[in-house]
Number of protein chains: 2
Amino acid sequence: MTTLTPDAVRPATHAKLRILATADRLFYTEGVHTVGVDRIISESKVTKATFYKYYRSKDALIVVYLQGRDRMARDFLASLDTNCDTPEQRLRGVVNEISAQVIRGGFHGCPFINAAAQFTDPAHPVRQAVSAHRDWYGRSIEDMFRGMGHARPGDAADDFFLARDGAFAGANLGDPIGAHTALLRAIQRVLDESGA
Amino acid sequence: MTTLTPDAVRPATHAKLRILATADRLFYTEGVHTVGVDRIISESKVTKATFYKYYRSKDALIVVYLQGRDRMARDFLASLDTNCDTPEQRLRGVVNEISAQVIRGGFHGCPFINAAAQFTDPAHPVRQAVSAHRDWYGRSIEDMFRGMGHARPGDAADDFFLARDGAFAGANLGDPIGAHTALLRAIQRVLDESGA
DNA sequence: CACACCGTAGACAGACCAGTCTGGTGTAAT
DNA sequence: ATTACACCAGACTGGTCTGTCTACGGTGTG
């Protein structure tokens, strides 16, 4: 009577997703270090046993949280691939999304940068999740510039990343409008050079 | 026999400075939230009583740490004022310092951005110290662009700040060399426009 | 029905944290 | 010698944190 236990066949459990949704919200708005598991558990309306059944530790949940954010970004870029005809349109789509994010209410900076600020050891799984995301992101942007025929797509991607990170930090800590407009100017300068 | 207790006349205590020096090192390299007071106390070779004599709480010490970093930045800009003849030279002096910082060993990003990532409440004294620093910094850069005769010094300062914050984040989390060169390109573009 | 699995409910341990308190030592000026 | 002060030494409190534990209830399937 060895059970098959087809986990995938069973309906998706709500508790696991509820925990992750709560963690995503609290981790992003208040910081992964500040928010404790007790708070996530109570706001998720689950119990500790359930929590630790799905996430073996808080650090593991933080990694899953970042992986979820990474997944969202990848899905967004994939949607641009199907909705846009040219690499330049895709690039502008990314910029539009970033510039919209930084002036949106409830913006609290880049979740990866914020998480990394609280884990200084580069070998820690959290930092590795951050590095994996940033590596993928940089490569994707570089590919777009290369697709546009940019002479130095690697440099252009670095320029793009610099502006993005700066806008996220500036909008979070200082003036969102100023960071927003400065981001658009910086990107425009990079795009202007790609045509030259 | 009411004592005069002329605190200022007494030789400066070493313990207080030792505590701050230790806190500066640990807070910057490992994060203000990760490092506990016990660690600062033991590495400073002082006792808890001495620690709490000079710093009423850990949060107060964090604020003093940031104020010290702010003071260093102000002293540096003041030194540029005396050593440089033109606003453009001063601006280039700032850029040189930033670009040197990001590729220097032991660089861990902007201490203010890192500290702010762990205090999300804008009303918290730590966040206010961060805001005070950034406001002063932005105004100083804007003054330099204005002194150069830039048509829109406020925008140029935003552009500068964007590049600076981006370089700090990128160098800390990813590729210091890439962030370094991207920073120099971004600043050069802004300076090119100031002449136009 | 019996079983497997979902989830609830909350006590509990062990570690770590910030911050307070008592008492003692060395030194320099009065 | 007495007073004042900087500092040492470390126990202690009260709180919070992560993570483990036991015990029970509901539900759909074979």
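Residues numbered from 1 in each chain as written. Chains lettered and ligands numbered in written order. Predicted model: local features only at pLDDT ≥ 70, side-chain atom pairs only at ≥ 80, totals over all residues. Heavy atoms only, no water.

Per an unreviewed UniProt entry, chain A is named TetR/AcrR family transcriptional regulator, and its organism is Cryobacterium serini.

**Remarks on the interface of chain A and chain B**
What counts is decided by this rule: Only heavy atoms enter the contact rule, under which two residues are in contact if any of them lie within 4.5 Å. When two parts are put together, the accessible area they lose, computed with a 1.4 Å probe and summed over both, is reported as buried area. Definition used for salt bridges: Asp or Glu carboxyl oxygen within 4 Å of a side-chain nitrogen of Lys or Arg. Whenever two N or O atoms come within 3.5 Å, that pair is a polar contact, provided that in protein one can donate a hydrogen and the other can accept it, and provided that, for residues adjacent in sequence, both atoms are side-chain atoms. Strands are runs of DSSP state E lasting at least two residues, helices are runs of H or I lasting at least four, and both sets are numbered from the N terminus onward. Any residue that is not Ala, Val, Leu, Ile, Met, Phe, Trp, Tyr, Cys, Pro, Asp, Glu, Lys or Arg is counted as polar, Gly included; the first ten are nonpolar and the last four charged.
Contact with chain A, which involves 36 residues of that partner, is made by 35 residues of chain B. Taking both sides of the interface into account, the surface hidden between chain A and chain B amounts to around 2,700 Å²; carbon and sulfur atoms contribute 56%. Considering only the side of chain A, the residues that lose the most area to chain B are Leu 162, Leu 173 and Arg 189 of chain A, jointly responsible for 26% of the buried surface there. Between the two partners, chain A and chain B, sit eight salt bridges. Taken together, the links from chain A to chain B amount to 10 residue pairs in polar contact (both at pLDDT 80 or more). Sorting the residues of the side of chain A that touches chain B by element identifies helix 1 (14-30), helix 6 (111-116), helix 7 (125-147), helix 8 (153-173) and helix 9 (176-195) of chain A as the ones contributing at least two each. Take the side of chain A that touches chain B: its biggest share by element is 12 residues, from helix 8 of chain A. When grouped by side-chain class, the residues that make up the side of chain A that touches chain B number 14 nonpolar, 12 polar and 10 charged.

**Some points on the environment of Asp 24 of chain B**
By the secondary structure assignment, Asp 24 of chain B is in helix 1 (residues 14-30). If we skip the residues at most four places from it in the chain, Asp 24 of chain B touches Tyr 65 and Arg 69 of chain B.

**With respect to the pattern of salt bridges**
Rules: For every residue, the accessible area obtained with a 1.4 Å probe (protein chains only) is divided by the maximum for its type, and the residue is called buried under 20%, exposed over 50%, and partly exposed between those limits.
Using the criterion set out here, one finds 38 salt bridges over all chains in the structure. When the shortest N-O distance is used, the salt bridge between Asp 155 of chain A and Arg 185 of chain B registers 3.5 Å. Note that Asp 155 of chain A is positioned in helix 8 and Arg 185 of chain B in helix 9 (residues 176-195), a pairing that runs across two chains. Among the residues examined, Asp 155 of chain A registers a relative accessible area of 30% and is labelled partly exposed. Here the salt bridges do not stand alone but share partners, grouping Arg 152, Asp 155, Asp 159 and Glu 193 of chain A together with Arg 185 and Arg 189 of chain B into one network.

**Considerations on the packing of helix 8 of chain A against helix 8 (residues 153-173) of chain B**
The line we're drawing: For helices, the fitted axis covers only the stretch in contact; all axes are lines through C-alpha atoms, and the angles between them, taken along N-to-C directions, range from 0 to 180 degrees. Just so you know how the angles are binned, under 35 degrees is roughly parallel, over 145 roughly antiparallel, 65 to 115 roughly perpendicular, and the rest oblique.
Remark: helix 8 of chain A packs on helix 8 of chain B, axes separated minimally by 7 Å, with the N-to-C direction vectors making an angle of 105°. Here helix 8 of chain A is positioned roughly perpendicular relative to helix 8 of chain B, judged by the angle of their axes. The residues of helix 8 of chain B that touch helix 8 of chain A, namely those facing Leu 162, Ala 163, Asp 165, Gly 166, Ala 167, Ala 169 and Gly 170 of chain A, are Leu 162, Ala 163, Asp 165, Gly 166, Ala 167, Ala 169 and Gly 170 of chain B. Of the residues that constitute the contact of helix 8 of chain A with helix 8 of chain B, the class distribution is eight nonpolar, four polar and two charged.

**Notes on the packing of aromatic side chains**
Our working definition: Only centres within 6.5 Å qualify two rings of Phe, Tyr or Trp (six-membered ring in Trp) as a pair; their planes then separate them into stacked at under 30 degrees, edge-to-face at over 60, and tilted for everything else. Lysine NZ or arginine CZ positioned within 6 Å of the ring centre and within 35 degrees of the ring normal marks a charge as sitting over the ring.
For the structure on display, the rule yields 12 aromatic pairs over all chains. A ring pair is formed by Phe 51 of chain A and Tyr 52 of chain A, whose centres lie 4.9 Å apart and whose planes are at 75°; its orientation type is edge-to-face. With a relative accessible area of 0%, Phe 51 of chain A lands in the buried category. Pairing Trp 136 of chain B with Tyr 137 of chain B gives two aromatic rings, centres 5.9 Å apart and planes at 70°, and the pair type is edge-to-face. Per residue, the accessibility class of Trp 136 of chain B equals that of Tyr 137 of chain B, and both read buried. Within the aromatic cluster, the residues linked to one another by ring pairs are Phe 51, Tyr 52 and Tyr 55 of chain A. The ring of Tyr 28 of chain B has Arg 69 of chain B sitting right over it, with the charged end atom 4.5 Å from the ring centre. Geometry around Tyr 137 of chain B places Arg 164 of chain B over its ring, the cationic atom sitting 5.0 Å from the centre.

**Focus on the UniProt feature "DNA-binding region" (unreviewed entry) in chain A**
Cut-off, in case you're wondering: UniProt positions are given in the numbering used here, feature names are shortened, and annotations may be inferred rather than shown by experiment.
Residues annotated by UniProt as "DNA-binding region" (unreviewed entry) correspond here to residues 36-55 of chain A. Measuring from the first to the last C-alpha atom of residues 36-55 of chain A gives 14 Å, for a span that is 75% helix and 0% strand.

**Quick word on helix 8 of chain B**
Note the cut-off: To estimate how far a helix should extend, the number of its residues minus one is multiplied by 1.5 Å.
Given a rise of 1.5 Å per residue, 21 residues ought to cover 30 Å, and the 30 Å separating the end C-alpha atoms of helix 8 of chain B matches this to within 8%. Among the 21 residues that make up helix 8 of chain B, 18 are buried, leaving the element largely enclosed by the rest of the structure.

**Quick notes on the environment of Gly 138 of chain A**
All names here are of chain A. With respect to the secondary-structure elements, Gly 138 resides in helix 7. A relative accessible area of 14% places Gly 138 in the buried class. Residues Gly 138 and Arg 71, 67 residues apart in the sequence, show an inter-C-alpha distance of 15 Å. Among residues more than four places away in sequence, those in contact with Gly 138 are Ala 157 and Phe 161.

**Re the domain arrangement of chain A**
A common way to state how big an interface is: give the accessible area lost once the parts meet. Residues and elements named next belong to chain A. Worth spelling out the cut-off: Each domain's extent is set by a domain assignment, obtained either automatically or from a database.
Looking at chain A, the domain boundaries give domain 1 (11-56) and domain 2 (58-195). Taking only C-alpha atoms, the centre of domain 1 and the centre of domain 2 are 26 Å apart. If you look at the interface, domain 1 gives 18 residues, while domain 2 gives 15 residues. Both faces considered, domain 1 and domain 2 share a buried interface measuring about 1,400 Å² in area, 68% of it formed by carbon and sulfur atoms.

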